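Breakdown of the fold
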Amino acid sequence: MNEKNQLTTGKIGRTLVFFALPYLLSSFMQTFYGMADLFITGLYNGSATITAVSVGSQVMHMLTVILLGFAMGTTVRIGRAVGAGDQTAAARTMGTTAAFFMGFACVLTISLFALTGEIARLILTPADAMAETVAYLRICFLGIPFITAYNVISSLFRGTGDSRSPMYFVAVACVVNIVLDFLFIGVFGMGAAGAALGTVLGQAVSVAVALLMLTRKDFGFAMNRRTMRPSRRILWDILMVGAPIALQDGLIQVAFMAITVIANSRGLTAAASVGIVEKLIGFMFLVPSSFLSAISAVTAQNMGAGQPERARKSLYYGLAITTAWGVFCCVYNQFLPHTLIGLFTKETAVLAAGCAYMRSYSFDCIFAGIHFCFSGYFCGDQKSGVSFLHNIIAILTMRIPGAYLASRLFPESLYPMGWAAPLGSLISAAVCIGFYIHFDRRRT
């Protein structure tokens, strides 16, 4: 096994941070070019097109995190195999992953493309933005195989302890996407369709680069016809970890989509405001999201190597870093939210509504960081069911009902509705802490 990719040796804080940084940078670039879509769209178009891109990109983000959740099963299984020194298991996991996701991507692409119009209507897309939203989604749905391939290949690299290579893949997609956005949206005036086309082509080029690097990568174990054959048992192991993560992330995105539906029902101003804030919050969540993935990989390798105390220390470091980041984001957005929201719109009504929504929503940066870190730890320890449980509790008790009630009781402002997310994350954090204490007592 390649020693430089081992996560079971060295100072745990340094190991965690150095593994998380490339993941953070790749996530930053991935989110950046999503924000670039919205920014460039806003430069040349009005609220209807902005709404189409923001609503359409939320649907695509939901699909992406579901795929990433399934792929996390691969990362964890490969990580545990690497930690245990089982080279054959790591290679068989790669083969099984490739076979499963190829079929899954094809079914998903065909199904969603056929249902594009129904999906746009289901989320109550404003009439003025309907045509462009449908066009955006149809083009993006055709790009699902590229999204799937990127996440699967990245999961293979991260499972072996390499978080740098996926960063290079995203960098390629980012540059290509931004250049094409200015060409398609600014020069050709293609609106939301141009934003979607730029994104898909950027992802296609990124996957081509990833496949090239995959063929040249020395993982430290042999990949041949025998080791790369799909295995039902390995697929079951992958799904036992990945399916609960995919389901929990999907449900979180459903909750976000429910909030989008509520905002869409209040008109273009609310829809555009919520869309912009969701993009910005997604950017702020990059730090906790990166540490979730880093902690899961570090935990998986160290649990596989029989070093549970080292895994727990990675959790503590992650909690300290993400909490500090969350406090910074929250304080900044209490005083200067207009400096961020103003980057995406010059419409006074959208700016005012977005700032109100951001001031309350930004508290989620603190609480989400806590349950993100615990989720990473539980997933790496093959207890991803806990992550699903705390999220479903938060969604059903606070995120969706809280947003709905706030919208009904306070229709004049988005500020009360913004509290639903942080209060939901507070519930999740409390459940995670409770389970961690429970498992720790059982261990001793």
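Residues numbered from 1 in each chain as written. Predicted model: local features only at pLDDT ≥ 70, side-chain atom pairs only at ≥ 80, totals over all residues. Heavy atoms only, no water.

**Quick look at the overall build of the protein chain**
Along its length, the protein chain carries 17 helices and 0 strands. A compact globule built from 444 residues would reach a C-alpha radius of gyration of about 22 Å, and the protein chain, at 21 Å, matches this within 12%. By its C-alpha atoms, the protein chain is 60 × 45 × 35 Å across when sized along the principal axes. Partitioning the intrachain contacts of the protein chain with sequence separation of at least 6 by distance along the chain shows that 84% fall at a separation of at least 24. Summed over its atoms, the accessible surface of the protein chain is roughly 17,400 Å², and 69% of this surface lies on carbon and sulfur atoms. In the protein chain, 30 positive and 18 negative side-chain charges are present, and the distance between their average locations comes to 9 Å. (Helix = DSSP H or I, 4+ residues; strand = E, 2+ residues; numbered from the N terminus. Rg over C-alpha atoms; globule rule 2.2 N^0.38 Å. Contact = heavy atoms within 4.5 Å. Areas by Shrake-Rupley, 256 points an atom, 1.4 Å probe, with all protein chains shown as cover. Lys, Arg positive; Asp, Glu negative; His and termini not counted. Charge placed at Lys NZ, Arg CZ, Asp CG, Glu CD.)

**Quick notes on the packing of aromatic side chains**
What the rule picks out here adds up to 19 aromatic pairs. Residues F157 and F169 carry aromatic rings whose centres are separated by 5.6 Å and whose planes lie at 70° to one another, so their mutual orientation is edge-to-face. Of this pair, F157 sits in helix 6 (residues 144-159) while F169 sits in helix 7 (residues 164-187), placing them 12 residues apart in sequence. The exposure class of F169 is buried, given its relative accessible area of 0%. Aromatic rings pair up to connect Y316, F374, Y377, F378, F435, Y436 and F439 into one cluster. The ring of F18 carries the charged tip of R14 above its face, separated from the ring centre by 4.4 Å. The positively charged end of K383 is found above the aromatic ring belonging to F439, 5.1 Å away from the centroid. (Phe/Tyr/Trp six-rings, centres within 6.5 Å; stacked < 30°, edge-to-face > 60°. Buried < 20%, exposed > 50% of the residue type's maximum accessible area, 1.4 Å probe, protein only. Lys NZ or Arg CZ within 6 Å of the ring centre and 35° of its normal.)

**Here's the deal with the confidence of the model for the protein chain**
For the protein chain, the mean per-residue pLDDT works out to 85, and 96% of the residues sit at or above 70. Within the protein chain, no element has a lower average pLDDT than helix 9 (residues 232-264), which sits at 77, and none a higher one than helix 12 (residues 308-335), at 95. (pLDDT = per-residue confidence, 0-100.)

**Brief notes about the packing of helix 1 (residues 12-44) against helix 8 (residues 191-216)**
Between helix 1 and helix 8, the least distance of the axes is 10 Å, while the angle of their chain directions is 155°. Between helix 1 and helix 8, the angle is such that the two are roughly antiparallel. Relative to helix 8, the crossing made by helix 1 is right-handed. When helix 1 is examined against helix 8, the residues Y33, D37 and T41 are found in contact with a partner set consisting of A195, T199 and Q203. Partitioned by chemical class, the residues of the contact of helix 1 with helix 8 number 2 nonpolar, 3 polar and 1 charged. (Axes fitted to C-alpha atoms, helices over the stretch in contact; angles between N-to-C directions. Parallel < 35°, antiparallel > 145°, perpendicular 65-115°, else oblique. Left-handed = near helix turned anticlockwise from the far one by under 90°. Nonpolar A, V, L, I, M, F, W, Y, C, P; charged D, E, K, R; others polar.)

**A few points about the nonpolar core**
Of all hydrophobic cores here, the largest spans 84 residues; its most connected members are M60, Y136, F141, L280, I281, Y357 and M417. At 11 residues, the largest contribution of residues to this core is made by helix 2 (residues 47-84). In contact with L280, not counting residues within four places along its chain, are M35, L340, I341, F344 and M358. Counting residues in hydrophobic clusters, the runner-up holds 25 residues, among them L7, I12, A311 and L315. (Core = buried A, V, L, I, M, F, W, Y, C linked by side-chain atoms within 4.5 Å.)

**Concerning the packing of helix 11 (residues 286-304) against helix 15 (residues 364-380)**
As a packed pair, helix 11 and helix 15 sit with axes 7 Å apart at the nearest point and diverge in direction by 25°. Relative to helix 15, the element helix 11 lies roughly parallel. Of the two possible hands of crossing, helix 11 and helix 15 adopt the one that is right-handed. Two secondary-structure elements touch here, helix 11 through P288, S289, F291, L292, I295, S296, T299, A300 and M303 and helix 15 through G369, F372, C373, S375, G376, Y377, C379 and G380. Taken together, the residues of the contact of helix 11 with helix 15 sort by class into 10 nonpolar, 7 polar and no charged.

**Some words on the environment of T9**
Topologically, T9 is positioned in the segment before helix 1. Counting along the chain gives 407 residues from T9 to P416, while the straight-line C-alpha distance between them is 47 Å. Not counting residues up to four positions away in its chain, the partners in contact with T9 are T15 and R310.

**A look at the pattern of salt bridges**
Scanning the model with the defined rule gives 5 salt bridges in all. In this structure, R312 engages E309 in a salt bridge whose closest nitrogen and oxygen atoms are separated by 2.5 Å. Here R312 and its partner E309 are both found in helix 12, 3 residues apart, which amounts to about one turn of the helix. A salt bridge links K383 to D381, with the shortest nitrogen-to-oxygen separation between them at 2.6 Å. (Salt bridge = Lys/Arg side-chain N within 4 Å of Asp/Glu carboxyl O.)

**Let's talk about unusual backbone geometry**
Backbone geometry at Q382 places phi at a positive 60°, although glycine is not the residue there. Mapped onto the fold, Q382 is located in the loop between helix 15 and helix 16 (384-409).

**A word on empty space enclosed by the protein**
One pass over the structure, following the stated rule, counts 3 cavities of 30 Å³ or more. A volume near 70 Å³ is recorded for the second largest cavity. Along its surface, the second largest cavity is lined by F19, Y23, L68, A71, M72, T75, S155, R158, S293, A294, S296 and A297. Looking at the lining of the second largest cavity, the elements that each hand over two or more residues are helix 1, helix 2, helix 6 and helix 11. Among the residues making up the lining of the second largest cavity, the classes are represented as 7 nonpolar, 4 polar and 1 charged. (1 Å grid on protein atoms, 1.4 Å probe; cavity = no way out; pocket = protein on both sides within 12 Å on 5 of 7 lines; lining within 4 Å. Points joined across faces, edges and corners; volume = space filled by probe spheres on them.)

**What to know about helix 10 (residues 268-284)**
Between its first and last C-alpha, helix 10 extends 24 Å over 17 residues, near the 24 Å set by a 1.5 Å rise per residue. Buried residues dominate helix 10, accounting for 13 of its 17 residues. (Expected span 1.5 Å × (residues − 1).)

**Examining a nonpolar patch on the surface**
Where nonpolar side chains cluster on the molecular surface, the patch consists of F39, L43, Y44, F182 and L343 and spans about 480 Å² of accessible area. Among the elements that line the nonpolar patch, the one with the most residues is helix 1, at 3 residues. With a relative accessible area of 34%, F39 lands in the partly exposed category. (Patch = residues over 30% accessible without salt bridge, like charges linked within 9 Å, V, L, I, M, F, W, Y side chains within 5 Å.)

**Notes on the environment of R408**
Of note, R408 is situated in helix 16. With a relative accessible area of 59%, R408 lands in the exposed category. Residues R408 and I139, 269 residues apart in the sequence, show an inter-C-alpha distance of 35 Å.

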